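Working through the structure, step by step
These are the residues of each chain, in order.
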Amino acid sequence: MKRKQSLLEQTRVQLEKSSDVVFQPFRVPPFHCQLAYINSIVNTRLLIESIMSPLLRASSEETGDHRWLEQIENRSFFPIDYNRSTDQKEIADAILSGHVALFCDGLPTVLLFPLTQYEKRSVPESSNEVVVVGPQQAFIEDLEVNMSLLRHIIKHPDLTVKRCQIGVYTQSTTNLIYIQGLCRQELVDEIYSRLERIQVDGVMGINYLAEFIEEVPYSPFPQYQYTERPDTVAASLLEGRITLMQDGTPYALMLPVTFFTLMQSAEDYYQRFYFASFIRLVRLFFITISFLLPSLYVAITTFHPEIVPTSLLITVAAARENIPFPALIEALIMELTFEGLREAGIRIPKPLGQTVSIIGGIVIGQAAVAAGIVSAPLVIVVSITGIASFIVPHFELSLAFRLLRFPFLIMGGTLGILGVIVSSYLLYLYMVNLRSFGVPYMQPLAPFIWRDLKDTFVRLPMFFMKDRPSSYGSPNKRRQGAR
């Protein structure tokens, strides 16, 4: 009894700073009981029906009747499941996480009832990864709901979940998810050990974890892929990859990843392979345009005007005749202005954001041309470049190429086409040597894997993709036909 009383008092002392913790006494003769919980994050209906009501019934029985203790021992007294604990820290953490703790003199342990209930929104449609044909569901901030959406797609006992708590103060629940037998076990162990080594006050989003566990933290290129779509997560798990999901984050993190995986969209697999292949080639073309076009324009107009057709050269020269800046400065002014407008469009309240950014771009571009600050051809080049950057399906990959546009621009403006070629070579050399959790970033192009090209630059029909991608090293290579 002394041990139980001291455990209750220790819990009271640890939680005394949390004024919203409720300690509710019960008298079940001849024992004294107390319930401890936080009212705002507990399902009060279940608390009353499943815990308080049985205790009140037991308290109305004859003094000395201990049948309810026997029923607790065989788990038939309360209509819901519970855990037992004698560890004071574990009990306090459980209460702060939304559990109800039952302290009783007649019980050797404290009972912990998982009655957590946070406010949450309903499952929405995907807003950032829109598909015309295909599932429309998206993740929300509740981890249990997100897991239910995933298990609705993958109904197999090999779907494995390893759980850990990250953050000293936030205690954010993080799930490491993979399919046993499809994912390399050494990769699972390595990622899990990295998660356990994270010592931080708190994590507000899943991207916090990415910065702690990625192999090359100073690279501008993302070594992970995030998504809000359950079907995308399921597809990545079936390829032998790992997914991280965190409570409070409506996104999942998938790893490892390759450059060509980041260039793929969920809609590629819901369209006919002809259209999906065409769109992929368009994406690759426009991503090249997004960081090469401004630097090529500056290089050609500054150092190599002879390669431009005469009629076009006369038009460009006439447009630049009264411009006071060299082409490089002119391009930098327009690029920075465009980036500022794009950022302003994000920060402005949503109903006004698109309107202000579009109208602002048109008005400022037209005014700059009329004032003789920039030339009309450069406005066209910057506009095409800005639109091209939006075609990349993965936002962080798009940010990487937006950032690279400026060093390419400087190299083109100082060394001409030679500078653009050298920059392109160095970029490719860097990407070839980059790895995402041991997987070459440019695979299957470098190293070259012929059979994986069927789902890289183009997408062949589904019945041709009988094997899983070699990039992720799945122990089970076969995904169609005999195994």
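Shown above is the structure to which this text applies.
Residues numbered from 1 in each chain as written. Predicted model: local features only at pLDDT ≥ 70, side-chain atom pairs only at ≥ 80, totals over all residues. Heavy atoms only, no water.

**Looking at the packing of aromatic side chains**
Note the threshold: Two rings belonging to Phe, Tyr or Trp (six-membered ring only in the last case) form a pair when the distance between their centres is within 6.5 Å. Interplanar angles under 30 degrees mark stacking, angles over 60 mark edge-to-face geometry, and anything in between is tilted. Helix numbers and strand numbers start at the N terminus; a helix is a DSSP run of H or I with at least 4 residues, a strand a run of E with at least 2. The cut-offs for exposure are 20% and 50% of the maximum accessible area for each residue type, with area from a 1.4 Å probe on protein chains only; residues under the lower value are buried, those over the upper are exposed, and the others partly exposed.
Inspection of every chain in the model, using the stated rule, returns 17 aromatic pairs. Aromatic side chains F78 and F113 sit 4.9 Å apart centroid to centroid with 75° between the ring planes, which places their arrangement in the edge-to-face category. Of this pair, F78 sits in the loop between α3 (67-73) and β3 (83-85) while F113 sits in strand β5 (residues 110-114); the two residues are 35 residues apart in sequence, bridging distant segments of the chain. Like F78, the residue F113 is buried in the burial classification. Centre to centre, the rings of Y82 and F113 are 5.3 Å apart; their planes meet at 55°, and the pair counts as tilted.

**Focus on the pattern of salt bridges**
The following threshold applies: Any carboxyl oxygen of Asp or Glu within 4 Å of a side-chain nitrogen of Lys or Arg constitutes a salt bridge here.
Applying the stated criterion to the full structure yields 18 salt bridges. Note that D467 and R451 form a salt bridge whose closest N and O atoms lie 3.9 Å from each other. Within this pair, whereas D467 is found in the segment after β12 (439-440), its partner R451 is found in the segment after β12, the two being separated by 16 residues in sequence. Judged by relative accessible area, D467 falls into the partly exposed class, the value being 23%. Of the residues examined, R451 reaches a relative accessible area of 38% and is grouped as partly exposed.

**Focus: the nonpolar core**
Put simply, the rule is: We define the nonpolar core as a collection of buried residues of types Ala, Val, Leu, Ile, Met, Phe, Trp, Tyr and Cys that are connected through side-chain atoms lying within 4.5 Å of one another. In this analysis, two residues are considered to be in contact whenever any of their non-hydrogen atoms come within 4.5 Å of each other.
Among the nonpolar cores identified, the biggest contains 25 residues, and L35, L55, W68 and F78 are the most heavily contacted of them. Those elements giving two or more residues to this core turn out to be β1 (21-28), β2 (31-38), α2 (44-59), α3, β4 (99-104) and β5. Per element, the largest residue contribution to this core is five residues, and it comes from α2. Beyond its immediate stretch of four places on either side in the chain, F78 contacts S50, I51, P54, L55, I72, L102, L111 and F113. In this structure, L292, L397, L434 and Y441 belong to the second largest nonpolar core, which totals 24 residues.

**Side note on the environment of V298**
Its location among the elements puts V298 in helix α10 (residues 273-303). What makes V298 buried here is its relative accessible area of 0%. Separated by twelve residues in the primary sequence, V298 and F286 place their C-alpha atoms 18 Å from one another. Not counting the four nearest positions on each side in its chain, V298 is found in contact with A327, L328, A331, L409, G412 and G413.

**Remarks on the pairing of strand β9 (residues 242-246)**
As a reminder of what qualifies: For two strands to be treated as a pair, DSSP must find no fewer than two bridges joining them.
Of all five residues in β9, five are buried, a share of seventy percent or more. Of the two faces of β9, the one carrying I242, L244 and Q246 and the one carrying T243 and M245 are both buried. Where strand β7 (residues 172-179) lies against β9, four bridges are found, and the strand directions are antiparallel. Looking at β9, one finds that N175 is bridged to M245. The loop that links β9 with its antiparallel partner strand β10 (residues 252-255) comprises five residues; one of these, G248, has a positive phi angle of about 95°.

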